[in-house]
Amino acid sequence: MDLQADPIFEQRVAKLQRLREQGIEPYPYRFERSHLASEVQSNFDVLEGQEVRVAGRLLTMRVMGKASFAHLLDQSGRIQIYVKRDLVGEDQYELFKSLDGGDFLGVVGKPFRTRTGEVTIEAGQLTLLAKALRGLPEKWHGLTDVEKRYRQRYLDLISNEDARRVFQARSRIIDAIRRYLVDRGFLEVETPVLQPIHGGAAARPFVTHHNALDRDLYLRIALELYLKRCVIGGFEKVFEIGRIFRNEGVSFKHNPEFTMLELYQAYADYNDIMTLVEDMVSTVAEQVLGTMEFEFAGHTINVRPPWPRVKMRDAIRIESGIDYADYPTAQGLYEAMRAKGVHADPGATRAKLIDELLSAFVEPKLIQPSFLIDYPVEMSPLAKRRREDPSEVERFEGYIGSMEIANAFSELNDPLDQRGRFVQQMAERAAGDDEAQPMDEDFLTALEHGMPPTGGLGVGIDRLVMLFTDNRSIREVILFPQMRTKD
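So, here is what we can say about the structure in this document. Once a new chain begins, its residue numbering starts again from 1 and follows that chain's sequence as written. In keeping with the predicted nature of the model, local features appear solely for residues at pLDDT of at least 70, side-chain atom pairs appear and are counted solely at 80 or more, and the whole-chain, interface and lining totals rest on all residues. To obtain the side-chain values, all non-hydrogen atoms of the structure were included, while hydrogens and water were left out.

Topic: the overall build of the chain
When its secondary structure is counted, the chain shows 16 helices and 18 strands. Across its three principal directions, the C-alpha atoms of the chain cover 85 × 50 × 50 Å. We call a residue buried when its accessible area falls under 20% of the maximum for its residue type, exposed when it is over 50%, and partly exposed in between, using a 1.4 Å probe and counting protein chains only. Here the chain holds 487 residues, and the buried ones make up 50% of them. Whether two residues touch is decided by their heavy atoms; if any such pair falls within 4.5 Å, the residues are in contact. Nonlocal contacts in the chain, meaning residues at least 24 apart in sequence, comprise 64% of its contacts between residues at least 6 apart. In these tables, accessible area is a Shrake-Rupley quantity obtained with a 1.4 Å probe, and a residue counts as shielded only by the protein chains included in the view. On the chain, roughly 23500 Å² of surface is accessible, and the fraction owed to carbon and sulfur atoms is 49%. Helix and strand labels come from DSSP, where a helix needs a run of H or I of at least four residues and a strand needs a run of E of at least two; each type is numbered from the N terminus.

Right, dumping it as structure tokens:
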């Protein structure tokens, strides 16, 4: 933008210069604040008539002759201030009248109630804390341009109280999950973001280059393989809440950069992890929302345990009329899907075709919390074969609101079986599936040292926040989502 062509910017720069000419520093170093806006309001009975020190961004101003009102916004909300010339003095009153919406102001004064009952601070001293050179959105009470809200999230946070509440809730959700796991003996660890081999999921990675090592590295697509190394090393209950990067499309529930919880518990299987998921989600809902029932997408969701368990094969057969077990080849399954009018890639693997059936017929029906269990082995190269049927694995996905929020296995700990699965995945990569798991000899070496029976879990934090805050788009719950360039 050509700053010189912006008259508001020019006017504010001129004001800035006049302030400095008057000996007023428009960007002081600090301000000693005693209370947030919400604290003054909630403790008014105690603080009435006592001196408080608040600070925040100036929103509305009603400048009158000898007395004026304004609202300040801090992280806790808004509070009204009352500025009277006789109390603050001629110089400070003139300073106040010259301020603009968006400026940061420190106020020392005493709380009182106006005739309308609004808690207000009668200012005795004012301090300009930062001069804003750009104005707030015209409708400061609600920025409605969706693209602008995402591109300039700071304006969204200033003007939309609902946006602030979403991200405050997100912080509380993550904190509640962390406390839930730590209280149950899990150790929080950190694993590499830059990895020599991407693995742990079926996804295309982002590639970067390390200059000093002169080698390409990948941004992680999952936390799994390094957390399993921790279990092999003797940490029996570990978790990480970390950023994941997948070079894939954008949708209402997909962002190329997102947050995942992964945990691994030794001597447990997928049944134990199912119990953990339903207990953790219901506990977090109770702590953050105060209830296990909440609204999402027009539905009343109840996360109280237990959640129903449904075999994946049964769910797809009932909803689509196709029993994929009757079609052992990709071509046969593809033809059956075509006959049902399901669009699919003719070159897709059998695993991807089954996943397409799941997405088209089953997911939309999974509104209330439920577990889909027991997946075909080719869909899960890192999961343990099911005890009763080795053509399936002990895997489940947890669904709420027609979205997958959790994915878990009885983890494969047989290194020879794991090597065979990797070989199969490599064959699929050679055939053109660039999302297939590459061979990871270092992980296999670790696994050959022995890993105890282990249950593993991944939970999409962003989708959980979507559910708990009744948002239908993942961009509403990620502070700075990826966007296309404006041009």
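Some remarks on the sheet that holds strand E1 (residues 52–62)
The mixed closed barrel is built from 5 strands, whose spatial order is E1-E2-E3-E5-E4. Within this sheet the neighbouring strands show an average axis-to-axis angle of 55°, counted without direction. We treat two strands as partners when DSSP finds at least two bridges between them. Summarising the sheet, strand E2 (residues 67–74) and strand E3 (residues 77–84) pair through 8 bridges and their orientation is antiparallel. Among the inter-strand pairings, histidine 71 is bridged to a residue of E3, identified as glutamine 80. To define axes, lines are fitted to C-alpha atoms, for helices over the stretch in contact only, and angles between the resulting N-to-C directions are given on a 0 to 180 degree scale. Helix-sheet contacts for helix H5 (residues 90–98) involve E1, E2, E3, strand E4 (104–113) and strand E5 (119–130), and the interaxial angle to E2 is about 60°.

Brief notes about the nonpolar core
We define a nonpolar core as any set of buried Ala, Val, Leu, Ile, Met, Phe, Trp, Tyr and Cys residues linked to one another through side-chain atoms lying within 4.5 Å. Judged by nonpolar contacts, the single largest core of 48 residues is most densely connected at Ile177, Leu261, Met280, Phe396 and Leu457. Counting residues per element, this core draws most heavily on helix H10 (residues 270–289), at 10 residues. Other than its neighbours up to four places away in sequence, isoleucine 177 contacts Ile241, Leu261, Met280, Val284, Ile461 and Leu464. Core analysis: the second largest hydrophobic core is formed by 44 residues, Cys230, Val231, Ala344 and Met379 among them.

Description of the packing of aromatic side chains
Each aromatic pair joins two rings of Phe, Tyr and Trp (for Trp, the six-membered one) with centres within 6.5 Å, and gets the label stacked for planes under 30 degrees apart, edge-to-face for over 60, and tilted for any other angle. Per the counting criterion, the structure on display carries 7 aromatic pairs. With centroids separated by 4.9 Å and ring planes inclined at 40°, the aromatic side chains of phenylalanine 69 and tyrosine 82 adopt a geometry described as tilted. Here the residue phenylalanine 69 occupies a position in strand E2, and tyrosine 82 occupies one in strand E3, the gap between them amounting to 13 residues. A residue is classified by how much of its surface remains accessible, and tyrosine 82, at 16% relative accessible area, is buried. Through successive ring pairs, a cluster of aromatic residues spans Phe69, Tyr82 and Phe112. Whether a charge sits over a ring comes down to the Lys NZ or Arg CZ being within 6 Å of the ring centre and within 35 degrees of the ring normal. Between the NZ or CZ atom of arginine 184 and the centre of the ring of tyrosine 180, over which it lies, the distance is 3.6 Å.

Some words on helix H12 (residues 330–339)
Taken as a whole, H12 has its buried residues at Leu333, Tyr334, Ala336 and Met337. Buried residues of H12, seen end-on, are gathered within an arc of 165° and therefore sit on one face of the element. In this structure, the buried residues of H12 make contact with helix H13 (350–362). Just past H12, the residue glycine 341 takes up positive phi, approximately 80°. Of all possible arcs, the one meant is that of the directions from the helix axis to the C-beta atoms.

Let's talk about the pattern of salt bridges
Here, a salt bridge means any side-chain nitrogen of Lys or Arg that lies within 4 Å of a carboxyl oxygen of Asp or Glu. All told, the structure shown has 45 salt bridges when counted by the stated rule. Between aspartate 100 and lysine 15 there is a salt bridge whose closest N-O contact spans 2.8 Å. Taken together, the residues span a long stretch of sequence, with aspartate 100 in the loop between H5 and E4 and lysine 15 in helix H1 (residues 7–21) at a distance of 85 residues. For lysine 15, a relative accessible area of 23% translates into the label partly exposed. For glutamate 441, the salt bridge identified is with arginine 419, shortest N-O distance 3.0 Å.

Overview of the sheet that holds strand E18 (residues 454–460)
Taken in spatial order, the 8 strands of this open sheet run E6-E10-E11-E18-E17-E16-E15-E14, and their pairing is mixed. The sheet is open, and its two borders are formed by strand E6 (187–188) and strand E14 (309–311), each paired with just one other strand. Sheet analysis places strand E15 (residues 370–376) next to strand E16 (residues 392–400), joined by 6 bridges and oriented antiparallel. The partner of leucine 372 across the bridge, within E16, is glutamate 397.

Re the packing of helix H8 (residues 161–183) against H10
Direction vectors running N to C along H8 and H10 enclose 135°, while the axes themselves pass 9 Å from each other. In terms of axis orientation, H8 runs oblique to H10. Like other packed secondary-structure pairs, H8 and H10 cross with a definite hand, here right-handed. Across the interface between the two elements, Ala169, Arg172, Ile173, Ala176, Ile177, Arg179, Tyr180 and Leu181 of H8 pack against Leu276, Asp279, Met280, Thr283, Val284, Gln287 and Val288 of H10. The residue inventory of the contact of H8 with H10, partitioned by class, reads 10 nonpolar, 2 polar and 3 charged. Angles below 35 degrees are treated as roughly parallel, those above 145 as roughly antiparallel, those between 65 and 115 as roughly perpendicular, and all remaining angles as oblique. With the far helix as reference, a near helix turned anticlockwise by less than a right angle produces a left-handed crossing, and one turned clockwise produces a right-handed crossing. Ten residues, namely Ala, Val, Leu, Ile, Met, Phe, Trp, Tyr, Cys and Pro, are considered nonpolar, four, namely Asp, Glu, Lys and Arg, are considered charged, and the remaining ones, Gly among them, are considered polar.

Comments concerning the environment of phenylalanine 422
In this fold, phenylalanine 422 is placed in helix H14 (residues 415–430). Residue phenylalanine 422 is classed as buried on the basis of its relative accessible area of 0%. The contacts of phenylalanine 422, once residues within four sequence positions are left out, are Leu382, Gln437, Pro438, Met439, Asp440, Phe443 and Leu444.

Topic: the pairing of strand E9 (residues 215–219)
Pairing between strand E7 (residues 194–195) and E9: 2 bridges, direction antiparallel. Across the sheet, residue leucine 194 finds its bridge partner in E9, namely leucine 219. For strand E8 (residues 207–210) and E9, the ladder comprises 4 bridges, and the chain directions are antiparallel. Note that in E9 the partner of histidine 209 across the bridge is aspartate 216. Hairpin connection from E8 to E9: 4 residues lie between these consecutive antiparallel strands, with aspartate 214 at a positive phi of about 50°.

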